[in-house]
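Spelled out from the first residue to the last, the chains are:
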Amino acid sequence: MVVTPGRASAAPPPMPLRRAPRPRTDTVLMAADSCAVLLGAAAGGAGLPRPAAAALVLCVLVLNGHAGLYRPGGITVARGVLDEVPALLFRAAVAWCVLAAVRPGPALALSVLAASCGVQTAVSVAARAGAYGVRRRRAARAPRSALVVGPATAALRVTAALGRRPQVGIRPVGMVVPVLQPVPEPTVPVLRTIEEVQRAVIQNSVRDVLFTDADAADQSHSVLLGQLEGWGCALWYVDTRAPGASAEAAGAELAGFPVRRVQAAYMRRPGFAVKRALDLCVALPALLLAAPVLAVCAVLLRTSDGPGVVFRQERVGRDGRSFTLCKFRTLRPADAHEAATRWSVADDERMSRTGRVMRLTSLDELLNLWNVVRGDMSLVGPRPERPYFVAQFGQSHPGYPARHRMPVGITGLAQVEGLRGDTSIEDRARYDNYYIDHWSPWQDVCVLLRTAASLVRPTGS
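Rules behind the numbers
Residues numbered from 1 in each chain as written. Predicted model: local features only at pLDDT ≥ 70, side-chain atom pairs only at ≥ 80, totals over all residues. Heavy atoms only, no water. Helix = DSSP H or I, 4+ residues; strand = E, 2+ residues; numbered from the N terminus. Buried < 20%, exposed > 50% of the residue type's maximum accessible area, 1.4 Å probe, protein only. Contact = heavy atoms within 4.5 Å. Areas by Shrake-Rupley, 256 points an atom, 1.4 Å probe, with all protein chains shown as cover. Pairing = 2+ DSSP bridges. Axes fitted to C-alpha atoms, helices over the stretch in contact; angles between N-to-C directions. Core = buried A, V, L, I, M, F, W, Y, C linked by side-chain atoms within 4.5 Å. Disulfide = S-S within 2.5 Å. Salt bridge = Lys/Arg side-chain N within 4 Å of Asp/Glu carboxyl O. Phe/Tyr/Trp six-rings, centres within 6.5 Å; stacked < 30°, edge-to-face > 60°.

Enquirer: Explain the overall build of the protein residue by residue, including any values.
Expert: From N to C terminus, the protein includes 17 helices and eleven strands. Residue burial in the protein is summarised as follows: out of 461 residues, 47% are buried. The contacts of the protein with a sequence gap of at least 6 include a subset with a gap of at least 24, amounting to 76%. By element, 63% of the accessible surface of the protein is carried by carbon and sulfur atoms, the whole surface being about 22200 Å².

Take a look at the structure:
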């Protein structure tokens with residue numbers, strides 16, 4: 001999928017990043033299944049004590065959650081409850097059999113197990129049917145705006161199918177097609193440039209983007225995909241291939257088309273949880289060991305620059321969420337506007353000797369460890385920037401918003417490659433996106449080792 005950047009003069013106003021919706025755990029269905037377990041036990045005459053009943057509820061919730069029965073995930077909420085009956089019945093039977101095997105005392109009769117399992121499944125199915133019915137009616141009354149991305153023929157097919165099925169709850173508001181590809185008789189606006197796509201997202205509050213090209217949907221490094229993720233859109237792949245060509249299993253259907261969620265490459269890696277564990281294992285001891293150094297830095301800054309040694313500033317983190325960054329104050333700006341909009345200059349004349357040394361040695365950033373402990377940042381990731389510059393750089397550098405797919409970090413691949421201070425933003429974004437697309441826990445370790453080695457030849461920021 002090729003979309004032209006467009007002319008700078010026609011660019012819409014800067015768009016703030018927003019958090020992309022993710023598949024969420026459905027607490028309504030979890031509560032319904034919990035009640036179904038208790039009703040099944042009561043109706044079947046199992047006579048379970050409270051600990052056993054609680055263990056049974058937990059077992060059912062874990063089994064159903066592992067099967068994906070609590071993740072409606074946006075546009076896939078319209079699935080049929082009858083499709084879930086085998087999964088619900090099988091997992092209810094497994095949970096009751098496990099309970100019968102480990103429960104002390106007299107064994108439960110087979111008739112009791114069958115009755116309890118049947119009542120539980122029936123209640124779960126009835127509750128889900130009601131919940132899905134409410135959601136379908138709600139979706140039909142207030143459909144979600146969506147963009148369709150892909151070759152003209154496939155995009156027209158998906159747009160027309162959704163137009164004929166308003167009960168699905170998805171309303172196409174634009175088609176993003178290749179630049180030189182004609183679109184015969186389009187029913188929605190045809191978008192050719194990044195600026196036109198952004199304008200459509202803003203004006204129509206687009207929440208979902210449907211890709212009809214599998215290659216485009218899987219290119220997490222592409223400009224368009226990175227922009228859409230940065231703008232907070234949920235991305236989906238709609239399989240429009242000929243019948244019988246869909247080899248992989250689809251998560252659900254949309255107007256008769258198989259559909260699955262598209263996630264960034266780093267989110268698909270099971271080892272991503274190791275990143276947070278590594279952050280805590282390194283940041284907590286480092287913060288304790290650095291306490292004497294922090295105290296000395298605070299005293300020196302208080303002596304040379306006066307009160308207010310800690311500088312707090314709003315920065316943009318993962319998924320466009322703002323957080324308060326903590327660091328030592330090495331320069332006292334004239335006012336809040338200057339602090340938010342003035343680009344840092346390493347040799348600013350207003351900087352004291354202490355502040356210059358701290359910035360040169362990066363000691364001013366030691367307090368970032370507290371942000372890592374809090375979960376605002378990671379040890380390794382794209383460096384966070386102020387909202388004013390995020391909006392500016394997002395307009396002038398197409399790959400810049402895609403940096404916010406990953407938690408921001410104290411150091412990163414761009415920094416160890418020498419891209420600090422007044423260096424190319426385009427180069428920084430390219431290195432940051434490369435790091436995200438090829439992330440692994442070992443890569444974080446390598447960046448940390450290279451950062452430690454660079455401390456003997458400090459360049460400052």
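There's more to say after this.
Enquirer: I'd love a proper account of the sheet that holds strand 5 (residues 234-238), names of residues and values included.
Expert: With mixed pairing, the seven strands of this open sheet are ordered in space as 3-2-1-4-5-7-6. Each edge of the open sheet carries a strand with a single partner, namely strand 3 (190-191) and strand 6 (252-254). Sheet analysis places strand 6 next to strand 7 (residues 257-261), joined by three bridges and oriented antiparallel. Its bridge partner lying in strand 7, Ala252 is registered against Val259. Its contacts with the sheet put helix 5 (residues 152-164) on strand 1 (144-149), strand 2 (170-176), strand 4 (208-211), strand 5, strand 6 and strand 7, and the angle it makes with strand 2 is roughly 160°.

Enquirer: Pulling in residues and values, what's your account of the pairing of strand 4?
Expert: Across the two faces of strand 4 the burial is the same, with Asp208 and Leu210 and Val209 and Phe211 all buried. The pairing of strand 1 with strand 4 spans four bridges and is parallel. The residue bridging Ala146 from the neighbouring strand is Asp208, located in strand 4.

Enquirer: Help me get a handle on the nonpolar core, residues and values and all.
Expert: Ranked by size, the top nonpolar core spans 28 residues in total, and within it Phe328, Met377, Leu379 and Tyr435 carry the most contacts. The set of elements that each furnish at least two residues to this core consists of helix 9 (273-289), helix 10 (291-305), strand 9 (322-328), helix 13 (368-374), strand 10 (378-380), helix 15 (413-416) and helix 16 (425-437). Considering every element that reaches this core, the biggest residue donor is strand 9, with four residues. Contacts of Tyr435, omitting those with residues within four sequence positions, involve Lys275, Val380, Gly381, Met406, Leu413, Gln443 and Asp444. Grouped together as the second largest cluster of nonpolar side chains are 26 residues, Val37, Leu69, Leu88 and Val112 included.

Enquirer: Provide a residue-level description of the pairing of strand 1, including the pertinent values.
Expert: Counting buried residues along strand 1, six of its six residues qualify, which places the element largely inside the surrounding structure. Residue alternation in strand 1 divides its side chains into two sets, Arg144, Ala146 and Val148 and Ser145, Leu147 and Val149, and both sets are buried. In terms of strand pairing, strand 1 meets strand 2 through six bridges, oriented parallel. Within strand 2, the position partnered with Val149 by the bridge is Val176.

Enquirer: Tell me about the state of the cysteines, residues and numbers included.
Expert: A full pass over the atoms with the stated rule returns zero disulfides. Of the cysteine sulfurs around Cys97, a residue in no disulfide, the closest is that of Cys117, at 7.7 Å. Residue class for Cys97 comes out partly exposed when judged on its relative accessible area of 49%.

Enquirer: I'd like a rundown of unusual backbone geometry, residues and numbers included.
Expert: Within the chain, Ser205 stands out as a residue other than glycine whose phi angle is a positive 50°. We note that Ala255 has phi near 55°; this positive angle belongs to a residue other than glycine. Note on placement: Ala255 falls in the loop between strand 6 and strand 7. For Ala255, a relative accessible area of 22% gives the class partly exposed.

Enquirer: Can you explain the pattern of salt bridges? Please cite residues and give values.
Expert: When the charged atoms of two side chains with opposite charge come close together, those side chains can pair. Overall, the coordinates contain eleven salt bridges when judged by the stated rule. Among the salt bridges present, the one from Asp444 reaches Lys275, with a minimum N-O distance of 2.7 Å. Residue Asp444 is found in helix 17 (residues 441-454), and its partner Lys275 is found in helix 9; the two are separated by 169 residues along the sequence. Asp444 sits in the buried class, given a relative accessible area of 2%. Owing to a relative accessible area of 3%, Lys275 belongs among the buried residues under this scheme. Where Asp427 meets Arg430, a salt bridge forms, and the shortest distance between an N and an O atom there is 2.7 Å. Here Asp427 and its partner Arg430 are both found in helix 16, three residues apart, which amounts to about one turn of the helix. Within this structure, Asp33, Glu84 and Arg128 form a network of salt bridges that share partners.

Enquirer: Describe in detail the packing of aromatic side chains, supporting the description with residues and values.
Expert: In the structure shown here, the tally under the stated rule is three aromatic pairs. Relative to Phe389, the ring of Tyr388 has its centre 5.2 Å away and its plane inclined at 85°; by these criteria the two rings are edge-to-face. Overall, the relative accessible area of 39% leaves Tyr388 in the partly exposed class. Counting every residue linked through ring pairs, the aromatic cluster contains Tyr388, Phe389, Phe393 and Tyr400.

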